Amino acid sequence: MPAGSGRHGLPQGRHLCWLLCAFTLKLCQAEAPVQEEKLSASTSNLPCWLVEEFVVTAECSPCSNFQAKTTPECGPTGYVEKITCSSSKKIEFKSCRSALMEQHLFWKFEGAVVFVALIFACLVIIRQRQLDRKALEKVRKQIESI
């Protein structure tokens, strides 16, 4: 009798596989990269750091509660850096990704990879035991028929 005959849908192992894949994707889903405004013919409404040289005056740091509510640059990542544009001398904030945040995302991803590897290692062991039992049963039946 072929494996999985008489059952509807996917075998149980495949349901678990798809469930784990969906869970891993949801767990590891990082924030989308910050999308820049589309460049238009008019550069007057663009931030100065897009059209001219700038100097970072304050390194990338987490937004305060007040900044998070009032500064739109805090929205995408929760971190901002203070910059000064060279020619216009404007002081603006720019969204950034901090090293600490990147490190946290990296270890979160690594943890998810190890978790998925352990799950699939367990699935391989379980499947191997099933196949071994089937092989032993087949040999036992052949010996009994002699």
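Scoring rules and cut-offs
Residues numbered from 1 in each chain as written. Predicted model: local features only at pLDDT ≥ 70, side-chain atom pairs only at ≥ 80, totals over all residues. Heavy atoms only, no water. Helix = DSSP H or I, 4+ residues; strand = E, 2+ residues; numbered from the N terminus. Buried < 20%, exposed > 50% of the residue type's maximum accessible area, 1.4 Å probe, protein only. Contact = heavy atoms within 4.5 Å. Areas by Shrake-Rupley, 256 points an atom, 1.4 Å probe, with all protein chains shown as cover. Pairing = 2+ DSSP bridges. Axes fitted to C-alpha atoms, helices over the stretch in contact; angles between N-to-C directions.

## A few points about the overall build of the chain
Looking only at helices and strands, one finds four helices and three strands in the chain. Classification of the 146 residues of the chain by burial places 16% in the buried group. Summarising the internal contacts of the chain: among those between residues at least 6 apart in sequence, 49% fall at separations of at least 24. Accessible surface computed for the chain: about 11700 Å², of which carbon and sulfur atoms make up 63%.

## Remarks on the sheet that holds strand β2 (residues 79–85)
As summarised here, the arrangement of the three strands in space is β1-β2-β3, forming an open sheet in which the pairing is antiparallel. Each edge of the sheet is formed by a strand with only one pairing partner; in this case those strands are β1 (54–62) and β3 (91–95). Along the sheet, successive strands turn relative to each other by an average axial angle of 25°, direction set aside. Inspection of the sheet shows β1 paired to β2 by six bridges, in the antiparallel sense. Its bridge partner being in β2, valine 56 is matched across the sheet by isoleucine 83.

Remember, this is a structural readout, not a statement about activity or role.
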